[in-house]
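Understanding the architecture of this molecule
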Amino acid sequence: MKVGVLALQGDFLEHEKMLNAVGAEAVEVRLPEHLNGLEALIIPGGESTTIGKLASKYRLVEPLREFATQKPVWGTCAGMIFLAKDIGREQPLLGLMDIKVNRNAFGRQINSFEADLDIQGIEGGPFHAVFIRAPLVTQVDANAGVEVLARLDDGGIVAVRQGHLLATAFHPELTSDTRLHEYFLKLATLSVR
Ligand code: GLN
């Protein structure tokens, strides 16, 4: 299966390695035509303002929106921000998921942390999650079909799914745990087009 990784900025290489580890072919996406023939797409962590600006510059915003109407897209950290409809400030967004997200919700780089999460749909025990200047989901529209997949101990929402769109506030690509990448590939296999 060919899975794209948006490769404008951020830790796209780590996602490519994870995809290869779970038996998928990773394709770097920098221009609209790179989306052709892909089954799914990952938007990596990085800096959402930079990813947004570059996506606008390379005329990727509309093609990405179009792609996401048909095929699974997963955003991690900055990718989650880029997928959200509302982040309470102006910056280029795909605006595809009915979630409200607070950027840098835990403070600065120094406030980065790790936590063991129970994630709905992920078997085999807690998932060790790495949060780096992470966003937090502050609101989900359940009527629009957004499901909460994981919360921190204090209730903060850090993983959500809306149909074939997936968003995580943390970075599974920075661990050796491939379960979320496998979960995403399963979404891609099951998704109705
Ligand atoms: N703080 C970054 C942003 O606002 C996200 C950080 C990350 O992707 N690790 O875009």
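The following paragraphs examine the structure supplied in this document.

Cut-offs used in this document
Residues numbered from 1 in each chain as written. Predicted model: local features only at pLDDT ≥ 70, side-chain atom pairs only at ≥ 80, totals over all residues. Heavy atoms only, no water. Helix = DSSP H or I, 4+ residues; strand = E, 2+ residues; numbered from the N terminus. Buried < 20%, exposed > 50% of the residue type's maximum accessible area, 1.4 Å probe, protein only. Phe/Tyr/Trp six-rings, centres within 6.5 Å; stacked < 30°, edge-to-face > 60°. Pairing = 2+ DSSP bridges. Polar contact = N/O pair within 3.5 Å; in protein donor to acceptor, adjacent residues only side chain to side chain. Contact = heavy atoms within 4.5 Å. Arc of directions from axis to C-beta. Right-handed = clockwise from strand over helix to strand, strands pointing away.

**Side note on unusual backbone geometry**
A positive phi angle is found at C77, which is not glycine, with a value near 55°. With respect to the secondary-structure elements, C77 resides in the loop between strand 4 (73-76) and helix 4 (78-83). Under the relative-accessibility criterion, C77 is labelled buried at 4%. The phi angle at N104 is positive, at roughly 50°, despite the residue not being glycine. Here N104 is to be found in the loop between strand 6 (97-102) and strand 7 (113-117). Classification of N104 as partly exposed rests on a relative accessible area of 30%.

**Comments concerning the packing of aromatic side chains**
Counted by the stated rule, this structure contains six aromatic pairs. An angle of 50° between the planes, with centres 5.5 Å apart, marks the rings of W74 and F184 as tilted. One end of the pair, W74, is in strand 4; the other, F184, is in helix 5 (residues 179-190), and 110 residues separate them in sequence. By relative accessible area, which is 0% here, F184 ends up buried. With a centroid separation of 4.9 Å and an interplanar angle of 65°, the aromatic rings of F106 and F113 are classed as edge-to-face. Pairwise contacts between aromatic rings join F106, F113, F127, F131 and F170 into one cluster.

**Some details on the pairing of strand 4**
Side chains V73 and G75 project from strand 4 onto one buried face, and the interleaved W74 and T76 project onto a second face that is buried too. Where strand 3 (residues 40-43) lies against strand 4, three bridges are found, and the strand directions are parallel. Counterpart to I43 in the pairing with strand 4 is G75. Bridging between strand 4 and strand 12 (residues 165-168) involves four bridges; their strand directions are parallel. Bridge pairing in strand 12 links W74 to L166.

**Things to note about the side chain of H171**
Mapping H171 onto the fold places it in the loop between strand 12 and helix 5. On the basis of relative accessibility, which here comes to 5%, the residue H171 falls in the buried class. Within polar-contact distance, the side chain of H171 engages the side chain of E173 at 2.7 Å. Setting aside chain neighbours within four positions, we find H171 in contact with D11, G45, C77, V130 and I132.

**Some remarks on helix 1 (residues 12-21)**
Among the residues of helix 1, F12, H15, E16, M18 and L19 are the ones counted as buried. Buried residues in helix 1, looked at end-on, bunch into an arc of 165°, giving them a common side. Away from its buried face, by an angle of more than 90 degrees, helix 1 presents the exposed residues K17 and A21. On its buried face, helix 1 sits against strand 1 (2-6), strand 2 (25-29), strand 3, strand 4 and helix 5. In the segment just after helix 1, G23 is the residue with positive phi, at about 85°.

**Section: the side chain of R103**
Here R103 shows up in the loop between strand 6 and strand 7. Note on R103: relative accessible area 14%, which makes it buried. Among the polar contacts made by the side chain of R103, one reaches the side chain of E47 at a distance of 2.9 Å. Residues contacting R103, with those up to four places away along its chain left out, are E47, S48, T49, I81, I87, R89, Q91 and P135.

**Describing the pairing of strand 1**
With respect to burial, strand 1 is a largely interior element, four of its five residues being buried. Pairing analysis gives five bridges linking strand 1 to strand 2, with the strands arranged parallel. Paired with V5 across the strands is E28, a residue of strand 2. The parallel pair strand 1 and strand 2 is bridged by helix 1, and the resulting crossover is right-handed.

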